[in-house]
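Descriptive analysis of the structure
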Amino acid sequence: MKNKKEKGQYGYRDYHKKMQIVKVLFGGAMILVQLLARNFTDNQAAKNVLTLMAILSVLPTANVASPLLASWKYKTGSRQLMEQIAGLEGTGIVLYDLIVTSKEMIIPLDVVMVHPNVVAAFCPFQKIDKKKAEKYLNETFQAHRLDANVKIISEEKQFVKRLRDLKPMKEYEDDGSVEYGAGVLKSLSM
């Protein structure tokens, strides 16, 4: 696909949602085809096999549908914010459209700046318990032997100001932790 988006790229949420919808529709269609095919045979063994195939097709389809439903209300962030952040990409690694999941919560992060001193994340959704989310992310970073300094900011102006206050990444000694931290965040995201 020529417009394929990877985790961390701007527009990934909307792209991923479209791909998941296609997969769910395909899975649902295959289940229906298998069940309808039962009507075109008189062989009881073939009917049983088609029924079993339809039943076994439900689980993969549900596995695709579940994260789709959990992330349904989260759309790609504003293009205006992305354009403001684009000029700051030398400051650190910028990730867009992450939806980090834990056992207890879903943490939609519109923009994340992974910097040697801090991981600043923008989450405009007010219903998210920021302290609990920060605690989870900091514990995850500690478990991966990274500095636990994740800050979630819910005000756009405050977030952009925070990023502008950071020194460029090239002023720090590169030990690979910034790239590793970005990779950890991507792996936590759906």
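Structure report, in brief. The residue numbering used here restarts from 1 in each chain and proceeds along that chain's sequence as written. This being a predicted model, a pLDDT of at least 70 is required before a residue's local features are given, and a value of 80 or more before pairs of side-chain atoms are given or counted; all residues contribute to the totals for chains, interfaces and linings. In computing side-chain values, all of the structure's heavy atoms are included and hydrogens and water are not.

Overview of the sheet that holds strand β2 (residues 106-114)
An order of β1-β2-β3-β4 is seen for the four strands of this open sheet, with the pairing classed as mixed. Sheet topology places β1 (93-101) and β4 (150-153) at the edges, where each strand pairs with a single neighbour. Sheet twist, expressed as the mean angle between neighbouring strand axes with direction ignored, is 30°. The pairing of strand β3 (residues 119-122) with β4 spans four bridges and is parallel. Within β4, the residue paired with Val 119 across the bridge is Val 150. Residue contacts are counted whenever heavy atoms from the two residues lie within 4.5 Å of one another. Here an axis means a line fitted to C-alpha atoms, over the contact stretch when the element is a helix, while the angle between two N-to-C directions is reported on a 0 to 180 degree scale. Where helices and strands are cited, they refer to DSSP runs of H or I of at least four residues and of E of at least two residues respectively, numbered from the N terminus. Strands β1, β2, β3 and β4 of the sheet are contacted by helix α4 (residues 130-143), whose axis makes an angle of about 155° with β4. Two strands form a pair only when DSSP identifies at least two bridges running between them.

A look at the side chain of Ser 154
Along the polypeptide, Ser 154 turns up in the loop between β4 and α5 (156-164). Looking at Ser 154, the relative accessible area reads 14%, which means it is buried. The rule is simple: take the accessible area with a 1.4 Å probe, protein chains only, and divide by the maximum for that residue type; under 20% is buried, over 50% is exposed, in between is partly exposed.

Quick notes on the layout of surface pockets
Approximately 280 Å³ is the volume found for the largest pocket. Put plainly, a pocket is an open set of points on a 1 Å grid over the protein atoms alone with protein on both sides within 12 Å along at least five of seven lines, a cavity is a set where a 1.4 Å probe fits but cannot get out, and a lining residue has an atom within 4 Å of a point. What lines the largest pocket is a set of 20 residues, among which His 115, Pro 116, Asp 175, Ser 177 and Val 178 lie closest to the centre. Here the lining of the largest pocket takes four residues from helix α6 (residues 177-188), the largest share from any one element. Grid points are joined across faces, edges and corners, and a volume is the space filled by probe spheres set on the points.

Describing α5
Every α-helix carries 3.6 residues per turn, so stepping three or four residues along brings you back to the same face. Turning to α5, its buried residues number three or more, namely Phe 159, Val 160 and Leu 163. The buried residues of α5 occupy one face: seen down the axis, they fall within an arc of 95°. Exposed residues pointing more than 90 degrees away from the buried face of α5 are listed as Lys 157, Lys 161 and Arg 164. Packed against the buried residues of α5 are α3 (79-86), β2, β3 and β4. Arc definition: directions from the helix axis to the C-beta atoms.

Re the pattern of salt bridges
Here, a salt bridge means any Lys or Arg side-chain nitrogen found within 4 Å of an Asp or Glu carboxyl oxygen. A full pass over the atoms with the stated rule returns five salt bridges. Here Lys 4 and Glu 6 are joined by a salt bridge, their closest N and O atoms 3.8 Å apart. A relative accessible area of 42% means that Glu 6 is categorised as partly exposed. Of the charged contacts in the structure, one is a salt bridge between Asp 110 and Arg 13, with a shortest N-O distance of 2.8 Å. Residue Asp 110 is located in strand β2, and its partner Arg 13 is located in helix α1 (residues 12-37); the two are separated by 97 residues in the primary sequence.

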